[in-house]
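Tertiary structure, described
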Amino acid sequence: MRRELTNKLSLGLAVALIALLGGIDLYRHRHFQVPIVLGPGVTKVEPLSAYSPRLKGTLADTKVFTLEGREPGGKVILMASSHANEPAGTLAALMFIENAVVEKGTVIVIPFFNHSGSRATRPGDGYPLYFDIPTDWGRKRFRMGNRDAAPLEAWPDPDVYIHFPDRQLLSYIDVRNSNRTWPGRSNGPLMERVTWGAMEIMRGQKVDIAIDLHGAETMFPVTNCIVAPEKSMRIATLASLTVKAMEGFENHVESSPSGFRGLSHREIGDYSDTLPFLLEAPIPFLDQPTGPKTVKLLLDGKDPFLLSLSRKKKLFVPYDEAGWPLDKRVGQHLSVTLEILRQYSKKTPDRAIKIGGVPRYAEVVKNGVGHYFHDPSAAKPDSVVYH
Ligand SMILES: [Zn+2]
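Residues numbered from 1 in each chain as written. Predicted model: local features only at pLDDT ≥ 70, side-chain atom pairs only at ≥ 80, totals over all residues. Heavy atoms only, no water.

**Notes on the nonpolar core**
Phe96, Val107 and Phe277 are the most contacted members of the largest nonpolar core, which has 62 residues in total. With residues near it in sequence (within four places) discarded, Val107 still touches Phe65, Thr66, Leu67, Val76, Leu78, Phe96, Val102, Ile353 and Ile355. Listed in part, the 23 residues of the second largest apolar core include Val64, Phe113, Met191 and Val207. (Core = buried A, V, L, I, M, F, W, Y, C linked by side-chain atoms within 4.5 Å. Buried < 20%, exposed > 50% of the residue type's maximum accessible area, 1.4 Å probe, protein only. Contact = heavy atoms within 4.5 Å.)

Here's what the structure looks like:
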């Protein structure tokens with residue numbers, strides 16, 4: 001009898017020890033801060049809870065960076081990490097914060113839109129917790145996040161998520177997916193409070209353009225594209241044609257379906273005067289039939305299984321031994337963003353947005369993403385924000 005009790009106790013202790021040891025890494029990841037060096041364009045950093053007060057004190061509250069230009073003009077909001085396991089958008093957004101010089105208009109950037117998701121992971125899929133980017137001064141470390149907010153912040157999940165205000169029935173998990181909870185409400189579930197805060201910025205500051213940066217599987221048809229509703233279609237088409245002609249990469253246009261609710265490219269346009277665009281860059285790491293989910297796969301996008309599927313014409317993007325490297329994905333996001341702004345400025349000169357200092361596709365592919373991140377240890381302490 002006593003031996004049985006001892007066995008049970010030792011087993012219990014072993015389980016507790018394993019949980020504790022595994023938990024330490026997750027705890028560290030959840031509290032890991034990415035240093036951001038504020039570039040010459042940043043004029044204000046404030047919490048999203050300034051616009052959505054019921055986010056205050058939660059880990060879903062996130063930072064909003066404003067870069068107000070020398071001359072007044074139009075306004076754009078850039079959002080990334082709505083899905084925090086699609087890091088090309090996050091890096092592109094951070095490159096704007098660290099490098100952009102705004103000559104005309106205002107740029108608002110929310111680099112960790114689903115902040116809770118950026119501090120979560122997907123252990124069942126064996127995700128790495130971090131990835132490092134080589135820079136001119138050493139390696140810069142980023143958190144690899146998850147698609148949805150952590151249950152630690154948003155619990156319990158409903159059986160079905162009922163979208164507000166259309167009452168469309170969505171999957172239970174979508175209550176934690178900040179690209180299903182647009183346009184949101186001030187007192188709704190946590191992710192609705194996030195999207196509502198962004199809507200308040202757009203409506204209150206009369207933002208002209210919203211760009212939501214994402215990544216999508218190579219086996220998913222809506223990849224390597226700009227998703228746009230009717231009102232954004234003309235600019236999306238011009239941007240797509242121009243990057244192909246001038247910069248030599250494909251980025252087709254997909255129209256935003258009106259019957260599928262909760263997505264930024266639909267609801268922002270329907271509930272404000274802002275023109276929304278959602279950019280998808282291919283991310284082989286997210287495809288299901290790949291090898292292990294390593295940092296290498298995340299960065300270079302090379303996978304033998306995808307290569308063989310490409311030969312069988314199962315992918316929606318051209319794919320060869322070169323993979324689909326991160327530099328290419330980030331460069332695409334930057335060029336398409338800049339081109340959308342250029343096309344809008346041409347059409348609406350009194351609301352023009354002119355930005356210098358942000359590299360385009362060819363420069364990022366040549367120099368690497370890391371070249372555009374600045375050394376936080378060499379920067380003035382008050383110009384480094386930890387996020
Ligand atoms: Zn996404």
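**What about the side chain of Glu339?**
Mapped onto the elements of the fold, Glu339 is located in helix H8 (residues 326–347). In contact with Glu339, other than residues within four places in its own chain, are Ala239, Thr242, Val243 and Arg360. (Helix = DSSP H or I, 4+ residues; strand = E, 2+ residues; numbered from the N terminus.)

**Considerations on the layout of surface pockets**
Its volume calculated, the largest pocket comes out at about 470 Å³. Around the largest pocket, the lining comprises 28 residues; the ones closest to its centre are Arg147, Arg180, Ala216, Phe220 and Glu280. Residue assignment for the lining of the largest pocket shows that the elements contributing at least two residues are strand S10 (209–216), strand S12 (252–255) and strand S13 (275–282). Sorting elements by how many residues they give to the lining of the largest pocket places S10 first, with three residues. A per-class count over the lining of the largest pocket returns eleven nonpolar, eight polar and nine charged. (1 Å grid on protein atoms, 1.4 Å probe; cavity = no way out; pocket = protein on both sides within 12 Å on 5 of 7 lines; lining within 4 Å. Points joined across faces, edges and corners; volume = space filled by probe spheres on them. Nonpolar A, V, L, I, M, F, W, Y, C, P; charged D, E, K, R; others polar.)

**Topic: the packing of aromatic side chains**
By the definition in use, this model includes six aromatic pairs. Note on Phe142 and Phe373: the rings are 5.6 Å apart at their centroids and 55° apart in plane angle, and the pair reads as tilted. Here Phe142, found in strand S7 (residues 138–143), pairs with Phe373, found in the loop between helix H9 (361–367) and strand S15 (384–386); they are 231 residues apart in sequence, far enough to count as distant. Each member of the pair Phe142 and Phe373 is classed as buried. One residue, Arg141, lies across the ring of Tyr130, its end atom 4.8 Å from the ring centre. (Phe/Tyr/Trp six-rings, centres within 6.5 Å; stacked < 30°, edge-to-face > 60°. Lys NZ or Arg CZ within 6 Å of the ring centre and 35° of its normal.)

So far we have only geometry, and geometry alone does not tell us how the molecule works.
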